[in-house]
Amino acid sequence: AQSVTQPDARVTVSEGASLQLRCKYSYSGTPYLFWYVQYPRQGLQLLLKYYSGDPVVQGVNGFEAEFIKSNSSFHLRKASVHWSDSAVYFCAVSYNNNAPRFGAGTKLSVKP
Amino acid sequence: DTTVKQNPRYKLARVGKPVNLICSQTMNHDTMYWYQKKPNQAPKLLLFYYDKILNREADTFEKFQSSRPNNSFCSLYIGSAGLEYSAMYLCASSSWGAYAEQFFGPGTRLTVL
């Protein structure tokens, strides 16, 4: 079955620490990969996306993600988190001309 | 302007009654989507319009209807609400294509009693 898995429902890190949020997908063919962020009381916003080329893609606010085809993963990273990064992060996958499917999200809490 | 608006923001409905949710966008996007989001679950795609062509997911085909009277507006209609419909409903729009960025509204929280 086609699916997007974010294994960590909640992640807590201290301000200034590094971050990795995990995402694995199960789809046949070549995927289009996305990370979205949802701040409280706002709609989801795109952080970054990937289709081809350099497997490490840069996004907004210092976020980056790495596509590892052999592992069907697209993990999100940030070198040093800020309290304002506290939000819910969603991984999404689409292929061909189908609409994106989402993971369940990871709620990030940044401790001061 | 990259705004997607949803009305109402909160909706209370009675079991067995109809529910109509509205979404609008001003970006002239040809594709509009509806997702259902329940706590601790992934946003679930219900349907999407490409221009005037409606695509509904197989497992929710009979539960939700939609209309798109013009490019800017899209509605989600529930004919007879059940308790299981209580959820956040997310509307999004984008240009056509699997690699297109989706722009999301803030959501409508539907509570069915």
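If you're wondering where the values come from, they're calculated on a predicted model, not measured in any experiment.

For the rest of this paragraph, the subject is the environment of C91(A). All names here are of chain A. Examined against the element boundaries, C91 turns out to sit in strand β10 (residues 87-94). With 15 residues separating them along the chain, C91 and L76 place their C-alpha atoms 8.8 Å apart. When residues no more than four places from it in sequence are discounted, the contact partners of C91 are V4, Q6, C23, F34, W35, R101, F102 and G103.

Moving on: the state of the cysteines. Considering all chains together, one arrives at two disulfides over all chains under this definition. Residue C23(A) pairs covalently with C91(A) via a disulfide, S to S 1.9 Å. The S-S bond linking C23(A) to C91(A) shows a torsion near -65°; that makes this disulfide left-handed. Of the two residues, C23(A) is situated in the loop between β3 (19-21) and β4 (24-26) and C91(A) in strand β10; the sequence distance between them amounts to 68 residues. Neither C23(A) nor C91(A) differs from the other in exposure class; each is buried. Covalent S-S linkage joins C23(B) and C91(B), the inter-sulfur distance amounting to 1.9 Å. Between C23(B) and C91(B), the disulfide has an S-S torsion of -80° and is therefore left-handed. Of this pair, C23(B) sits in strand β3 (residues 19-25) while C91(B) sits in strand β9 (residues 87-94); the two residues are 68 residues apart in sequence, bridging distant segments of the chain. Exposure class is identical for C23(B) and C91(B). Each is buried.

We now examine the pairing of strand β4 (residues 31-37) of chain B. Residue and element names in this part refer to chain B. The element β4 is largely enclosed, with a buried count of seven among its seven residues. Here β4 shows a buried face lined by T31, Y33, Y35 and K37 and a second buried face lined by M32, W34 and Q36. Two elements, β4 and strand β5 (residues 44-50), share six bridges in a ladder whose sense is antiparallel. Within the sheet, the bridge partner assigned to T31 lies in β5 and is Y50. Here β4 folds back onto β5 in antiparallel fashion, the turn holding six residues, of which N40 has a positive phi close to 65°. Pairing geometry for β4 and β9, over seven bridges, is antiparallel.

The next subject is the sheet that holds β3(B). Hydrogen bonds between backbone atoms are what pair the strands of a sheet, whose relative direction is either parallel or antiparallel. All names here are of chain B. Spatially, four strands are ordered β1-β3-β8-β7 in an open sheet, and the strand pairing comes out antiparallel. Only two strands of the sheet have a single partner each, and these edge strands are β1 (4-7) and β7 (65-70). Averaged over all adjacent pairs, the angle separating strand axes in this sheet is 20°, with direction ignored. In terms of strand pairing, β7 meets strand β8 (residues 73-78) through four bridges, oriented antiparallel. Bridge pairing in β8 links Q65 to Y77.

The next point concerns unusual backbone geometry. Looking along the chain, the bond that leaves N7(B) and enters P8(B) is cis, with omega of -10°. Of note, P8(B) is situated in the loop between β1 and β2 (10-13). A positive phi angle, close to 65°, is found at R41(A), a residue other than glycine. Within the secondary structure, R41(A) sits in the loop between β5 (32-38) and β6 (45-50).

Here is what the cut-offs are and how they apply
- Along each chain, the written sequence defines residue order, and numbers are assigned to residues from 1.
- Chains carry letters and ligands carry numbers; both start at the beginning, A for chains and 1 for ligands, and go up in the order they are written.
- Totals for whole chains, interfaces and linings use every residue, but because this is a predicted model, local features are given only for residues with pLDDT of at least 70 and side-chain atom pairs only at 80 or more, for both listing and counting.
- Calculated side-chain values reflect all of the structure's heavy atoms, with hydrogen atoms and water omitted.
- Comment: elements are numbered from the N terminus, with helices defined as DSSP H or I runs of at least four residues and strands as E runs of at least two.
- Only heavy atoms matter for contacts: two residues are in contact if any of them lie within 4.5 Å across the pair.
- Working definition: a disulfide is two cysteine sulfur atoms within 2.5 Å of each other.
- Per-residue accessibility, obtained with a 1.4 Å probe over protein chains only, is compared with the maximum for each type, and a residue is labelled buried under 20%, exposed over 50%, and partly exposed between these values.
- Any two strands are treated as partners once DSSP identifies two or more bridges connecting them.
- To obtain each axis, a line is fitted to C-alpha atoms, and for helices this fit is confined to the stretch in contact; angles are then taken between N-to-C directions over 0 to 180 degrees.

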